[in-house]
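Structural description and commentary
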Amino acid sequence: VQLQACGGGGLVQAGGCLRLSCAASGRPFSSYAMGWFRQAPGKEREFVAAISGRGGSTDYADSVKGRFTISRDNAKNTVYLQMNSLKPEDTAVYYCAATRDSRVVTFGYEYDYWGQGTQVTVSS
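None of the values given here were measured: they were computed from a predicted structure.

Focus on the pattern of salt bridges
- One pass over the full model with this rule turns up six salt bridges.
- Between arginine 38 and aspartate 90 there is a salt bridge whose closest N-O contact spans 2.9 Å. Of this pair, arginine 38 sits in strand E4 (residues 33–39) while aspartate 90 sits in the loop between strand E8 (78–83) and strand E9 (92–99), and the two are 52 residues apart along the sequence. Taken as a pair, arginine 38 and aspartate 90 share a single burial class, namely buried.
- The network of salt bridges with common partners includes Arg38, Glu46, Arg67 and Asp90.

Next comes the structure, spelled out in C-alpha cells:
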C-alpha cells in the first residue's frame, strides 16, 4: 500500500478549518484501518484519529474530540481528516497511516504504511 497526501494542509488562522485527504493505492482498501498522526517541532509523534476498515468505528485523541472528524470513502481509496476550530497547538506535520488490521488502532507501531506528511500551521 502506498499513501499519498493529497493536500489540504497549509496556513490558517485560529478558529479556521482545513481538510486533509490521503489516497491509498493497493487493494482492498476497506481491509485497512486508517489513522492520522501528527508531530510538532520538538515533540514526539502523537495519535490524532483512526477509522476502521469499513468506517463503522472511529477513535480520537482527547485533544481533538469534537473538533476533528475522520472519514473515508472506500470507493475512492481515500481517507479524510476534517479539522474545525483549529488552535495554534494543532500546528504540526500530519501523517496518514494504514494498518493491515481492519480494527481501529491508536498506536503508531501498529501501522504498516505511512504517508509523507502534510504541514498544518495555525496562527494565533
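So, the pairing of E8
- Here E8 lies mainly inside the structure; five of its six residues are buried.
- Pairing of strand E3 (residues 18–24) with E8, which is carried by six bridges, proceeds in the antiparallel orientation. Residue pairing across strands places alanine 23 opposite threonine 78, the latter belonging to E8.

Quick word on the packing of aromatic side chains
- In this structure the tally under the stated criterion is six aromatic pairs.
- Ring geometry for phenylalanine 37 versus phenylalanine 47: centroids 5.7 Å apart, planes at 70°, classification edge-to-face. Of this pair, phenylalanine 37 sits in strand E4 while phenylalanine 47 sits in strand E5 (residues 46–51), and the two are 10 residues apart along the sequence. As far as burial versus exposure is concerned, phenylalanine 37 and phenylalanine 47 are alike and both buried.
- Following the ring pairs from residue to residue traces out a cluster consisting of Phe37, Phe47, Tyr111 and Trp114.
- Stacked on the ring of tyrosine 80, the Lys or Arg arginine 19 has its end atom at 4.0 Å from the ring centre.
- Here the guanidinium or amino end of arginine 45 rests over the ring plane of phenylalanine 37, the centre of that ring lying 5.8 Å away.

Quick notes on the rules
- Residues numbered from 1 in each chain as written.
- Predicted model: local features only at pLDDT ≥ 70, side-chain atom pairs only at ≥ 80, totals over all residues.
- Heavy atoms only, no water.
- Salt bridge = Lys/Arg side-chain N within 4 Å of Asp/Glu carboxyl O.
- Helix = DSSP H or I, 4+ residues; strand = E, 2+ residues; numbered from the N terminus.
- Buried < 20%, exposed > 50% of the residue type's maximum accessible area, 1.4 Å probe, protein only.
- Pairing = 2+ DSSP bridges.
- Phe/Tyr/Trp six-rings, centres within 6.5 Å; stacked < 30°, edge-to-face > 60°.
- Lys NZ or Arg CZ within 6 Å of the ring centre and 35° of its normal.

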